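Here's the letter readout for the chains.
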Amino acid sequence: MNEFIRVEKLFCSLNKVQVLKNINLVLNRKEFVSLVGPNGSGKTTLGKVSTGIIKPDSGNIFIDGKDISSLSLSEIGRKIGYLFQNPDRQIFAPTVYEDLSFALKYKRTPTDIIEKRVNEVLDMFELKHLKDASIYRLSQGEKQRLAIGGILLNDPQYLILDEPTTGLDPKRKNDLSRILKSLIEHVGILLISHDKSFVLEHSHRIVELRDGSIIDDKKN
Ligand SMILES: Nc1ncnc2c1ncn2[C@@H]1O[C@H](COP(=O)(O)OP(=O)(O)OP(=O)(O)O)[C@@H](O)[C@H]1O
Ligand SMILES: [Mg+2]
């Protein structure tokens, strides 16, 4: 089966305001889809509701062929890596190294393997010099790279990245491009972004939201 996330007839409100209206969307494995649209059109909400972080009013959601209601958040978290629009929300250990090793420790991975994998990510995201730094002194871009690195250490089958280029300078953006291009060979990616050139460079498909409805879904 090629599809990974399926959303059917989805309606969602936040504080009694209808934010998503009758969304139907299929996201496939190894497919790079970008979700675009103006501020407040519902992109972040759609990302969160598709992965069980927010509950919809009605509609069906399937992840990897299973109805979302039969999956716990941790089961979903093992399949889908989610980068929040604000990376502060997902960094919680005191130092960069501890943050990156947290999930592997939790899975009781042997120490030498943790070290090897964390060092690979520190290299990949040029964070080696900040290995023992407190996460409070990181710049926005460093936090963004740390958050993405942490997600990759979980070996997700699918990635949802909400505005991953925020705070990245052109060089870091290029580095992220390179990483995403190698990842798309084996995972599916939903990119939520206002960055037009980044969207055009990477996407197989572009889905456009306006006022909580999909107004366009086309090949790039
Ligand atoms: N917790 C909340 N309570 C009430 N309304 C909310 C909440 N979060 C978001 N909204 C509203 O829902 C709508 C969609 O918000 P959402 O964050 O999904 O948009 P977005 O497309 O991601 O915007 P942006 O491009 O600015 O990130 C907006 O009108 C927003 O004000
Ligand atoms: Mg958003």
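Look up: the structure comes first, before these words.
I will try to describe carefully the structure that is included in this document. (Residues numbered from 1 in each chain as written. Chains lettered and ligands numbered in written order. Predicted model: local features only at pLDDT ≥ 70, side-chain atom pairs only at ≥ 80, totals over all residues. Heavy atoms only, no water.)

## A word on the coordination of the magnesium ion (ligand 2)
In a perfect tetrahedron of four donors around a metal, the angles come out at 109.5 degrees. In a perfect octahedron of six, they are 90 or 180 degrees. Binding of the magnesium ion (ligand 2) to the protein goes through T44 (OG1) and Q85 (OE1), at separations of 2.0 to 2.4 Å. Of this pair, T44 sits in helix α1 (residues 43-50) while Q85 is found in the loop between β6 (80-83) and α3 (96-106), placing the two residues 41 residues apart along the sequence. Take Q85: its relative accessible area is 41%, and that puts it in the partly exposed class. (Donors = N, O, S within 2.8 Å, 3.2 Å for Na, K, Ca; no water. Helix = DSSP H or I, 4+ residues; strand = E, 2+ residues; numbered from the N terminus. Buried < 20%, exposed > 50% of the residue type's maximum accessible area, 1.4 Å probe, protein only.)

## Quick word on the packing of aromatic side chains
Under the definition given, this model contains three aromatic pairs. Geometrically, the ring pair formed by Y82 and F84 is tilted, given 4.9 Å between the ring centres and 45° between the ring planes. Look at F102 and Y106: their rings are 6.4 Å apart centre to centre, the planes differ by 15°, and that puts the pair in the stacked class. With F102 and Y106 both in helix α3 and four residues apart, the pair spans about one turn of that helix. (Phe/Tyr/Trp six-rings, centres within 6.5 Å; stacked < 30°, edge-to-face > 60°.)

## Considering the sheet that holds strand β4 (residues 58-63)
Sheet architecture is open: four strands sit in the order β2-β1-β4-β5, paired in antiparallel fashion. Only two strands of the sheet have a single partner each, and these edge strands are β2 (17-28) and β5 (66-67). Two elements, strand β1 (residues 3-14) and β4, share five bridges in a ladder whose sense is antiparallel. Note on β4: the bridge partner recorded for R6 is F62. The strands touched by α1 within the sheet are β1, β2 and β4, with β1 carrying the most contacts at an inclination of about 120°. (Pairing = 2+ DSSP bridges. Contact = heavy atoms within 4.5 Å. Axes fitted to C-alpha atoms, helices over the stretch in contact; angles between N-to-C directions.)

## Observations concerning the pairing of β2
Here eight bridges tie β1 to β2, and the two strands are oriented antiparallel to one another. Looking at the pairing, I5 lines up with L27 of β2. Counting the residues in the hairpin turn of β1 and β2 gives two residues, including N15, whose phi is positive at 50°.

## Details of the site of ligand 1
Neighbouring residues of ligand 1: 13 residues in total, closest G40, K43, T44, T45 and H194. With respect to ligand 1, the side chain of N39 contributes an N or O atom lying 2.9 Å from an oxygen atom. Contact between ligand 1 and Q85: an oxygen atom at 2.9 Å from a side-chain N or O atom of the residue. Protein chains bury 61% of the 640 Å² of accessible surface belonging to ligand 1 in isolation. Here the shell around ligand 1 gets three residues from one element, more than from any other, and that element is α1. (Near = heavy atom within 4 Å. Polar contact = N/O pair within 3.5 Å; in protein donor to acceptor, adjacent residues only side chain to side chain. Areas by Shrake-Rupley, 256 points an atom, 1.4 Å probe, with all protein chains shown as cover.)

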